[in-house]
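Here are the chains, one letter per residue:
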Amino acid sequence: MEQACSACDLTCPMGQVNADCDACMCQDFVLYGVVSLPGGAPASGATVYILTKTPKLLTQTDSSGRFRVPGLCPDGKSILKITKTKFAPIRLTMPKTRLKAATIKAEFLRAETPYIVMNPKAKARRAGQSVSLCCKATGNPKPDKYFWYHNSTLLDPSLYKHESKLVLRNLQRDQAGEYFCKAQSDTGAAKSHVARLTVIAPDETPCNPTPESYLIQLPHDCFQNATNSFYYDVGRCPVKTCAGQQDNGIRCQDAVENCCGISKTEEREIQCSGYTLPTKVAMECSCQRCTETQSIVRGRVSASDNGEPMRFGHVYMGNSRVSMTGYKGTFTLHVPQDTERLVLTFVDRLQKFVNTTKVLPFNKKGSAVFHEIKMLRRKEPITLEATETNIIPLGDVAGEDPVAELEIPSKSFYRQNGEPYTGKVKASVTFLDPRNISTATAAQSDLNFINDEGDTFPLRTYGMFSVDFTGEATSESLNVGKVKVHLDSTQVKMPEHLPMMKLWSLNPGTGLWEEEGDFKFESQRRNRREDRTFLVGNMEIRERRLFNLDVPESRRCFIKVRAYRSERFLPSEQMQGVVVSVINLEPRTGFSSNPRAWGRFDSVITGPNGACLPAFCDDQSPDAYSAYVLASLAGEELEAVESSPKFNPNAIGVPQPYLNKLKYRRTDHEDPQAKKTAFQISMAKPRPNSAEESNGPIYAFENLQACEEAPPSAAHFRFYQIEGDRYDYNTVPFNEDDPMSWTEDYLAWWPKPMEFRACYIKVKIMGSLEVNVRSRNMGGTHRQTVGKLYGIRDVKSTRDRDQPNVSAACLEFKCSGMLYDQDRVDRTLVKVIPQGSCHRVSVNSMLHEYLVNHLPLAVNDNTSEYTMLAPLDPLGHNYGIYTVTDQDPRTAKEIALGRCFDGTSDGSSRVMKSNVGVALTFNCIERQVGRQSAFQYLQSTPARPSPASTVRGRAPSRRQWSSQGGQRWRRGAASLRFSGVAQQPLSN
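From a predicted model like this one, the values you see are computed outputs, not experimental measurements. (Residues numbered from 1 in each chain as written. Predicted model: local features only at pLDDT ≥ 70, side-chain atom pairs only at ≥ 80, totals over all residues. Heavy atoms only, no water.)

Undergrad: Please clarify how the sheet that holds strand β26 (residues 314-317) should be interpreted in this entry.
TA: Strand-to-strand pairing in sheets goes through backbone hydrogen bonds, with the strands running parallel or antiparallel. An order of β27-β26-β29-β30 is seen for the 4 strands of this open sheet, with the pairing classed as antiparallel. The open sheet has two edge strands, β27 (320-324) and β30 (356-360), and neither has a second partner. Taking each pair of neighbouring strands and ignoring which way they run, the sheet shows an average axis angle of 35 degrees. Bridge count for β26 against β27 is 4 bridges, and the pairing is antiparallel. (Pairing = 2+ DSSP bridges. Helix = DSSP H or I, 4+ residues; strand = E, 2+ residues; numbered from the N terminus. Axes fitted to C-alpha atoms, helices over the stretch in contact; angles between N-to-C directions.)

Undergrad: Sorry, what's going on with the pattern of salt bridges here?
TA: Any two side chains of opposite charge can pair, given that their charged atoms come close. What the rule picks out here adds up to 48 salt bridges. E453 is the salt-bridge partner of K182, the closest N and O atoms lying 3.8 Å from each other. In this pair, K182 is assigned in strand β18 (residues 177-185) and E453 in the loop between β37 (448-450) and β38 (456-471), connecting sequence segments 271 residues apart. Residue E453 is classed as partly exposed on the basis of its relative accessible area, which comes to 46%. In this structure, K379 and D396 form a salt bridge, with 3.2 Å as the shortest nitrogen-oxygen distance. Taken together, the residues K379 in the loop between β31 (367-375) and β32 (382-385) and D396 in the loop between β33 (390-394) and β34 (404-408) connect sequence positions 17 residues apart. The exposure class of K379 is partly exposed, given its relative accessible area of 39%. One connected set of salt bridges, linked through shared partners, spans R726, D728, E736, R793, E812 and K893. (Salt bridge = Lys/Arg side-chain N within 4 Å of Asp/Glu carboxyl O. Buried < 20%, exposed > 50% of the residue type's maximum accessible area, 1.4 Å probe, protein only.)

Undergrad: Help me understand the nonpolar core, please; the structure alone is not making it clear to me.
TA: Formed by 75 residues in total, the largest nonpolar core has its most connected members in F413, F465, F469, L549, I559, M683 and F717. The biggest single contributor to this core is strand β44 (residues 556-564), with 5 residues. In this view, F465 contacts L394, L406, V429, T430, F431, M539, R545, L546, F547 and L549; residues no more than four positions away in its chain are not counted. If you look at the next biggest cluster of nonpolar residues, it comprises 30 residues, including V17, I50, L80 and A102. (Core = buried A, V, L, I, M, F, W, Y, C linked by side-chain atoms within 4.5 Å. Contact = heavy atoms within 4.5 Å.)

Undergrad: So what exactly am I meant to see when it comes to helix α5 (residues 845-853) here?
TA: Since the α-helix advances by 3.6 residues per turn, residues separated by three or four positions end up pointing in the same direction. The complete set of buried residues in α5 reads L847, Y850 and L851. Take α5 and look down its axis: the buried residues cluster within an arc of 95 degrees, on one side only. Residues of α5 that are exposed and point over 90 degrees away from its buried face: S845, E849 and N853. Considering only its buried residues, α5 is in contact with β65 (866-869) and β66 (881-886). Where α5 begins, the side chain of N844 points an oxygen toward the backbone nitrogen of M846, at a separation of 2.9 Å. (Arc of directions from axis to C-beta. Polar contact = N/O pair within 3.5 Å; in protein donor to acceptor, adjacent residues only side chain to side chain.)

Here it is in structure tokens:
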């Protein structure tokens, strides 16, 4: 029978209305509850509410996680809410029953702040069209509110009626700009990346039709008098989102993504010494469908102490295993579409190393990026008595006190189900000590956290520790209820950091650090004469096993860095996909060049306009922070510009007097024997009213856009690749660093994007000198390309270590196969031409037989060269042909070259093995008189200055060759210059 209260409008289908007229009460019913923590331990002190107009407190759980509430109605409708600090609230519906009592059970899950998993996309539209921008976040509890901002101004939800999806109809020009969303829940907030919306007039051209300048390097015998250089301007269209044709659907991701690209080319003949070179020059840009690309991450996982590879380990993305390391610790991962932040966890199945979570930058425009992953070696376990108080020191730098200590009170261990554990404990606690500079690359994640407003902020670490507690007899994983962390305040050399110090734990799913607790000051007597002040924090060790002693640091800047193919530092020779890393250093007091410890490690990827590297800085004291910067491509370190004995601001890329203030020093500044692959600077924040400091290379944190859009003429730091004995020329220009620069053309060297097939032929040279070898690649059987040049490749042979008069060359040629229209195949006409006076001695019998059986057969009446119609089949080392297909051109080349050097179809070597897997053999005699070789000619040519530089290049180091992709293979002791002997130029 329903009871009504005249004082309020609440109607109770069961029981009676209470005195507050906000709930129904059943006096003869009792609700019992059991609440546990993750894993089954009792959740003591949890608060139980009933949700009415305002939440009403009912009771709290006792020490065993139980509660009892009389008087509620089992109506199957009322909602209970159970809360506990650091855990996501639990919502339960009252059971529906006719019994006098009921029991409910619930288990807490750890609270997780919102985390953005879908960011809005950059889009372009014409005025009057519609667009949708989407955002999605996860968390525990799940975010229930979304806010959208336009140029940092909150959009009124009542006007736009948005949630996670913002729809803008009948767009106007003033709606262009930057958009981002903020997701919010009870546990916090998170902001998405910024997406730029471009809005143009209905009759406006979506792309600038005039191509920008783009220089390509010409062969050694193709000097251009008109420009007084070995370069030719072929033009290019900057790849950017444009307003193209769209259907009527309003989607989070456009059905067709449009980019500015080359729509019209012109064939030109470049006059060289005795021959002409065809090329395609960009004449017009327009809006067209973007080239499809695939982002790939490759890497090598090894120990930070001695480089031991993590063999056959697992690689996880979230809870999914996405890859596995090989015998040498290498792995490959295809980045899923729409991934914004790549968080990977590396798990060693042999348990030699600490499980490591890394946030890896990757090229969102496609192509492969190579990362060196360093892991800490797991500390050997020690045996603890669970019934005794145990002290574990954190820090093992010789001659130094520990940074901190873990204090585990007696009877603090318990099993996963909550039962106390009193036996012996195997404890492995591995500490990453920032006082040891070599540990920086093994830092977990990217040391970021999200504040209450949803902004991402960096942390400065004072040490990370990984804990692993197991029962000695059963090897079961154990939790620890109460742990004290005693941090020695004398180890914190920046006094302003002491009050901000916190304990953090790593969320392995997001790669973000989340706060575990604060520290409090406490004085302790270490011995009779010494009193020390410690920072003491409390924590529990449950499902998370990696912790951090950190302070938030708001003093941030960006360092502008560019990577180049050579010391000419030409803007057109910038390299993309280079991993640039910075180690933030804390100097000893008064000694800016002698760091005491590192505080943070960051990495970024260079794009078409370089990279902006985040680092700590200070505007009051230039020496408060310093930065150690290094760069690598495909696992090989690039060189920084020298600082001694020559100190050339034009070469370094930064003008005076700012350069002196930054105290630029290459790593070999004081020790010529040291590596040349990094530099160190003082992070002096630019003064806002200083003209000489307003144009880079250091930018204030709020000026990120200025850093990203800075022209090549603006100040920046530089890395470069040592030029090697290799040259590539493509009739249709293509930047292997940027797959989106691919152009639809019958003469494209790579006919299909996202499927790059590299082909090499091994040429053996009998003679006392190393010889330059050229492949000239032309259309052979396709009606659109027959007799037309695809491109040329030059490479110098590599001396055999064991045979003084033998060398060999792995020479790239254009693979036969389908052209871009996928209509019919072309057998590439390949001509192999050794330099100088060479005579063909032999051809691999299996290769010859294959070519005879696969007509037509090329004419070979000139014994100084070799011509073939390249095989359609991949063949292998038995034929002297090496073919590899990959979604990244540089990787395909690297693998094929490794096999060619090794002379096998599945191996890899950096040492040339001249007697195995050979296709062609030439006997080359030494000439006493003649002109310079290709690479001697290039060496004797001065480096071309960049717009902000007049430095001249040095002669290259002794390297065998360097690919445009960046992988370099070392020669033995052979030099690029031949003493007293001049070489004949390459035959064409």
